[in-house]
Amino acid sequence: MTDIAYAPEPVLASATGPSLAELSEAIAAIAAGLDARFVAAGTALARAYEIVEGLIGALENVTNAFERDAADAAVGNMRGTADRLMQLPEIQATRKAALVSIEQASGALSHQIDQVNRTLSFLRICGLNIKVAAAGSGDFSGFADTMFVKLDLGETEMEGLSREIAWLAEAVPAMFEVERQLAGECALVIPHIPRKLSDDAVALQRHQIDLAERALRIAEVARHIRAQVGTALGALQVGDSTRQRLEHLADGLVDIEAFIAAPGDLSADVAAVIADHAVALISAQAADTLETFQRESRLLTGSLRGIGPSAASLLELREGGDGEGDGVFLHRLERSVADVASVTERLREADARSNRLSGLASTTAENLTQRLATVHRITSDVQQMAWNTDLRCYRMGPEGRGLAVVASEIRGFAATLATIASGIAQSFDGLTAAAAVIRGSEEDAPADAGAALTESLGCIREGGERMRSGLSDLDEGAVSVTAILEETTGAIDCEDDVGGPLAAIAERLSGLGREAEEIPEAGEAAFGALLGSVAARYTMAREREVHRAFQPGAEAAPSSDPFDFDDDDFDDGLF
């Protein structure tokens, strides 16, 4: 701004035009510089507002970093896996006891099936004896042939049953070996590994809660900063309102200068009174503008400086105060869960193999129980053979005595088969009960440990990625907002560049102007025209309030003031 040389004690009536023009130019220069400052400050604050708005959106992603359902599923999987591992020794003991029952039942069945096969062999001999005793009788020969058909069918059925029992008997020792390996693996990892996994699940759940709460606190601070920046943006209108008032001052001085240069028919004394009064008005406007600007700009500067600590607190909350970053925690947790999965790999393999073999044994045992109907049918067929033989012997009379001996043997074998069938039924009951125990231990057990841990690891990784993505811009954003606030505060803290020169101009104007107690009647028209041209530019309610005090008779009759506009509410909103 151009320095202004002021006369010690100027008298307006003798002041030359360039003096007022110089003041007008100086005020216009201040207004232009002020506008540039506050426009730049508004642009910067708008950018800060956008940054904070983006941070709030990112923080919402952090709050949802571990989606509730997915996180609960991960925690549930880890706890379920821990429970599965803890229950494994008990499940194994139950399976082992069931395998012992299967082994015992299959051994008994093997012996009982041998007895059935021996009995069927003896019955075949009985059939041959019937043919011999019947001495070629066609009726008895056909009966014997029917016996042989049923015996053949029974032997075939029993052969299939023997194969299944033999497979089961051979499989049980391998199952015991798998269970022994499983017991060894259990001893290596239980109970400390399941406890560690359970602790990790609790840590994940606690971390999820802490993270959500911390993100909410950060978001609350960010929203507070957003509100403060928004308020500051609104308060920046002090720059625009001050600029407008300064431009009005500069234009008013130009009007006064033009009036002094061409006062028309007015005498020099009357013109001087009008000019002095107009300059006094401009001086009062300048002083009021300076006071308002200094007051509002200082409040704005203080407000901006107050946002700084809030922005800095974002970084403090970002760290959470626990000395461990979120990424570090999740990486450690992921590694811990992966270690557990690695340590329990052989355990899970042995467990899965045991489940498979036990399941096959259970299915075979259940299938064997269906064979009991075959044993009952064979027993029924033999009993029918005995009854038919007795009946035919009775009809033959004395000639059937030889057949009666055979019939007696068949009845004995039928009784033997009934006894064996009863034993087989008991053995099948044992198989059924053992199969139910094994099936129940499989159905009651939680999901596969490997799949559960894999799912949990996937959830942890995805949650960690979302969290890192959500917080990636927080540090940079907080630093950027802090820098913007510092720069903006420095821009609008312009006491030396604006306040000082404006104060000097206001002081100079106060020495140039003199308020008239009364306007000469000859100059009333010129006075009204000059002040009217000045007032026509006003856009602020405060400008009209200051102007009103310089209207003669304004206090006595405010309603007659031609400059009392009706849009004060709008102007108040601007200022």
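Analysis parameters
Residues numbered from 1 in each chain as written. Predicted model: local features only at pLDDT ≥ 70, side-chain atom pairs only at ≥ 80, totals over all residues. Heavy atoms only, no water. Helix = DSSP H or I, 4+ residues; strand = E, 2+ residues; numbered from the N terminus. Buried < 20%, exposed > 50% of the residue type's maximum accessible area, 1.4 Å probe, protein only. Contact = heavy atoms within 4.5 Å. Areas by Shrake-Rupley, 256 points an atom, 1.4 Å probe, with all protein chains shown as cover. Patch = residues over 30% accessible without salt bridge, like charges linked within 9 Å, V, L, I, M, F, W, Y side chains within 5 Å. Salt bridge = Lys/Arg side-chain N within 4 Å of Asp/Glu carboxyl O. Lys, Arg positive; Asp, Glu negative; His and termini not counted. Charge placed at Lys NZ, Arg CZ, Asp CG, Glu CD. Axes fitted to C-alpha atoms, helices over the stretch in contact; angles between N-to-C directions. Parallel < 35°, antiparallel > 145°, perpendicular 65-115°, else oblique. Left-handed = near helix turned anticlockwise from the far one by under 90°. Phe/Tyr/Trp six-rings, centres within 6.5 Å; stacked < 30°, edge-to-face > 60°. pLDDT = per-residue confidence, 0-100. Polar contact = N/O pair within 3.5 Å; in protein donor to acceptor, adjacent residues only side chain to side chain.

**Some points on the overall build of the chain**
No. 1: For the chain, the helix and strand inventory stands at 16 helices and 0 strands.
No. 2: Every one of the 575 residues in the chain was classed for burial, and the buried ones make up 45%.
No. 3: Considering only contacts within the chain whose residues lie at least 6 apart along the sequence, 91% involve residues at least 24 apart.
No. 4: Summed over all atoms, the accessible surface of the chain reaches about 27,400 Å², with 53% contributed by carbon and sulfur.

**Description of a negative patch on the surface**
No. 1: Judged by side-chain charge, Glu515, Glu517, Glu518, Glu521 and Glu524 come together as a negatively charged surface patch.
No. 2: Structurally, Glu518 can be placed in the loop between α13 (495-512) and α14 (524-535).
No. 3: Assessed through its relative accessible area of 67%, Glu518 is described here as exposed.

**A short note on the packing of helix α5 (residues 237-261) against α14**
No. 1: Two elements in contact, α5 and α14, have axes separated by 9 Å at closest approach and are oriented at 155°. Between α5 and α14, the crossing angle belongs to the class labelled roughly antiparallel. Viewed along their axes, α5 and α14 form a crossing whose handedness is right-handed. Taking contact as the criterion, the partners of Gly252, Asp255, Ile256 and Phe259 in α5 are, on α14, Ala526, Leu530, Ser533 and Val534.

**Brief notes about the packing of aromatic side chains**
No. 1: According to the stated counting rule, one finds 2 aromatic pairs in the structure shown.
No. 2: Between Phe38 and Phe293, the aromatic rings sit 6.3 Å apart at their centres with planes inclined by 65°, giving edge-to-face as the arrangement. Here Phe293 lies in helix α6 (residues 268-319) and Phe38 lies in helix α1 (residues 17-63), a separation of 255 residues in the sequence.
No. 3: Under the relative-accessibility criterion, Phe293 is labelled buried at 1%.
No. 4: Between Phe122 and Phe413 the ring centres are 5.4 Å apart and the planes differ by 10°, which places this aromatic pair in the stacked class. Of this pair, Phe122 sits in helix α2 (residues 68-133) while Phe413 sits in helix α10 (residues 401-444), and the two are 291 residues apart along the sequence.

**Some thoughts on the confidence of the model for the chain**
No. 1: Looking at the chain as a whole, its pLDDT mean stands at 76, while 77% of the residues score no less than 70.
No. 2: For the stretch residues 1-18, pLDDT sits under 50, and the model shows 27 contacts to residues farther than four places along the chain or on other chains.
No. 3: In this model, residues 555-575 is a region of pLDDT below 50 whose contacts with residues beyond four sequence positions or in other chains number 29 contacts.

**Let's talk about the environment of Ala425**
No. 1: Examined against the element boundaries, Ala425 turns out to sit in helix α10.
No. 2: Take Ala425: its relative accessible area is 18%, and that puts it in the buried class.
No. 3: Considering only alpha carbons, one finds Ala425 and His376, 49 residues apart in sequence, at a separation of 9.4 Å.

**What about the pattern of salt bridges?**
No. 1: In the structure shown here, the tally under the stated rule is 16 salt bridges.
No. 2: Glu53 serves as the salt-bridge partner of Arg226, at 2.8 Å between the closest nitrogen and oxygen. One end of the pair, Arg226, is in helix α4 (residues 192-235); the other, Glu53, is in helix α1, with 173 residues separating them in the sequence.
No. 3: According to the relative accessible area criterion, Glu53 is partly exposed, its value standing at 37%.
No. 4: A cluster of three or more residues bridged by salt bridges with shared partners is formed by Asp35, Asp240, Arg243 and Glu247.

**Regarding the side chain of His248**
No. 1: Following the sequence through the fold, His248 ends up in helix α5.
No. 2: With near-sequence residues (within four places) excluded, His248 lies in contact with Arg537, Tyr538, Thr539 and Glu543.

**Brief notes about the side chain of Thr301**
No. 1: Residue position: Thr301 is located in helix α6.
No. 2: For Thr301, a relative accessible area of 5% puts it in the buried group.
No. 3: Here Ser297 takes part through its backbone oxygen, which lies 2.8 Å from a polar atom of the side chain of Thr301.
No. 4: Ignoring any residue separated from it by four or fewer positions in sequence, one finds Thr301 in contact with Thr489, Ile492 and Asp493.

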